[in-house]
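So the chains spell out like this:
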Amino acid sequence: MPRRSQEDRSRTTRANLERAGRRLFGERGYSAVSAEDIVAEAGVTRGALHHHYGDKRGLFITVLEQLEADNTAEVGAAVAALPDPGDTLAAMATGLNTFLAISRRPETVRIAMSDGPAVIGWQAWREMESRHGLGLITTQLEQAVQAGLVPALPVRTLAQLILAAITEAGMIVAHAEDSEAAAEETAHCVLAMLSSLLTPPTG
């Protein structure tokens, strides 16, 4: 029982720190948030932050990973809710539009699109993007190839190139003065690129 109680307390402490970090990083940005701000918001000690995450950066990486996972799950749910999730073009359009809508949220703009590359480095940020978004794109492409809708190109490489285009579209939207107009413009361009891959099924 004491061991379980300690595990429960640790779990609660981590949840409080991550919730506080996500709110503060999302509202103020990484550089404007101190470790003291985080522990005060979470109602824990500075030692708890260091014990579980090492430092503020360690907590930020955890928060960023969680945000990426949540965003990917939201895109996946939007695609799964389609009347025919196997409709490749509809799935691509829905996934893209959902991602671009997410890219306009202040929390995503600050944490994932602005501070993410700066805090963890561009390469590490791209690798994190790939861990969360690549699987969805790869699955859609594999289904499209099997259905004869996409040429039999190397799926993994093609998925990485598509992810890079979609990620760049999100960056454009996140940093645009008129994010709504930018979302419409980038969606149109990316969908035109994706549509060109599709091979109409022969009767």
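Source: prediction; values computed, not measured. (Residues numbered from 1 in each chain as written. Predicted model: local features only at pLDDT ≥ 70, side-chain atom pairs only at ≥ 80, totals over all residues. Heavy atoms only, no water.)

Details of the overall build of the chain
1) Next: When helices and strands are tallied, the chain shows nine helices and zero strands.
2) Next: When the helices and strands of the chain are read in sequence order from the N terminus, they spell out α-α-α-α-α-α-α-α-α.
3) Next: Projected onto its principal axes, the C-alpha positions of the chain cover 65 × 45 × 30 Å.
4) Next: By residue count, 43% of the 203 residues in the chain fall in the buried class.
5) Next: Residue pairs in contact within the chain that sit at least 24 positions apart in sequence constitute 68% of those at least 6 positions apart.
6) Next: Carbon and sulfur atoms provide 55% of the accessible area of the chain, an area that totals close to 10600 Å².
7) Next: Distance between charge centroids for the chain: 11 Å, based on 18 positive and 25 negative side chains. (Helix = DSSP H or I, 4+ residues; strand = E, 2+ residues; numbered from the N terminus. Buried < 20%, exposed > 50% of the residue type's maximum accessible area, 1.4 Å probe, protein only. Contact = heavy atoms within 4.5 Å. Areas by Shrake-Rupley, 256 points an atom, 1.4 Å probe, with all protein chains shown as cover. Lys, Arg positive; Asp, Glu negative; His and termini not counted. Charge placed at Lys NZ, Arg CZ, Asp CG, Glu CD.)

Some thoughts on the packing of helix α5 (residues 88-102) against helix α9 (residues 179-195)
1) Next: Remark: α5 packs on α9, axes separated minimally by 10 Å, with the N-to-C direction vectors making an angle of 150 degrees. One way to sum up the angle between α5 and α9 is to call them roughly antiparallel. α5 and α9 meet at a crossing whose hand is right-handed. For the pair α5 and α9, the contacting residues are L89, M92, A93, L96, N97 and L100 in the first and A183, T186, A187, V190, L191, L194 and S195 in the second.
2) Next: Broken down by class, the residue content of the contact of α5 with α9 amounts to 10 nonpolar, three polar and no charged. (Axes fitted to C-alpha atoms, helices over the stretch in contact; angles between N-to-C directions. Parallel < 35°, antiparallel > 145°, perpendicular 65-115°, else oblique. Left-handed = near helix turned anticlockwise from the far one by under 90°. Nonpolar A, V, L, I, M, F, W, Y, C, P; charged D, E, K, R; others polar.)

Digging into the nonpolar core
1) Next: Residues L17, F25, L59, L64, L100 and L141 are the most contacted members of the largest nonpolar core, which totals 55 residues.
2) Next: The element that contributes the greatest number of residues to this core is helix α8 (residues 155-175), accounting for 10 residues. (Core = buried A, V, L, I, M, F, W, Y, C linked by side-chain atoms within 4.5 Å.)

Quick look at a negative patch on the surface
1) Next: A surface patch of negative charge is lined by E177, D178, E180 and E184.
2) Next: Secondary-structure assignment places D178 in the loop between α8 and α9. (Patch = residues over 30% accessible without salt bridge, like charges linked within 9 Å, V, L, I, M, F, W, Y side chains within 5 Å. Salt bridge = Lys/Arg side-chain N within 4 Å of Asp/Glu carboxyl O.)

Comments concerning the environment of V190
1) Next: Assignment of secondary structure puts V190 in helix α9.
2) Next: In this structure V190 comes out as buried when scored by relative accessible area, which is 6%.
3) Next: Sequence spacing of V190 and T167 is 23 residues, and the spatial spacing of their C-alpha atoms is 11 Å.
4) Next: Setting aside residues no more than four positions away along its own chain, V190 makes contact with L96, A165, I166 and A169.

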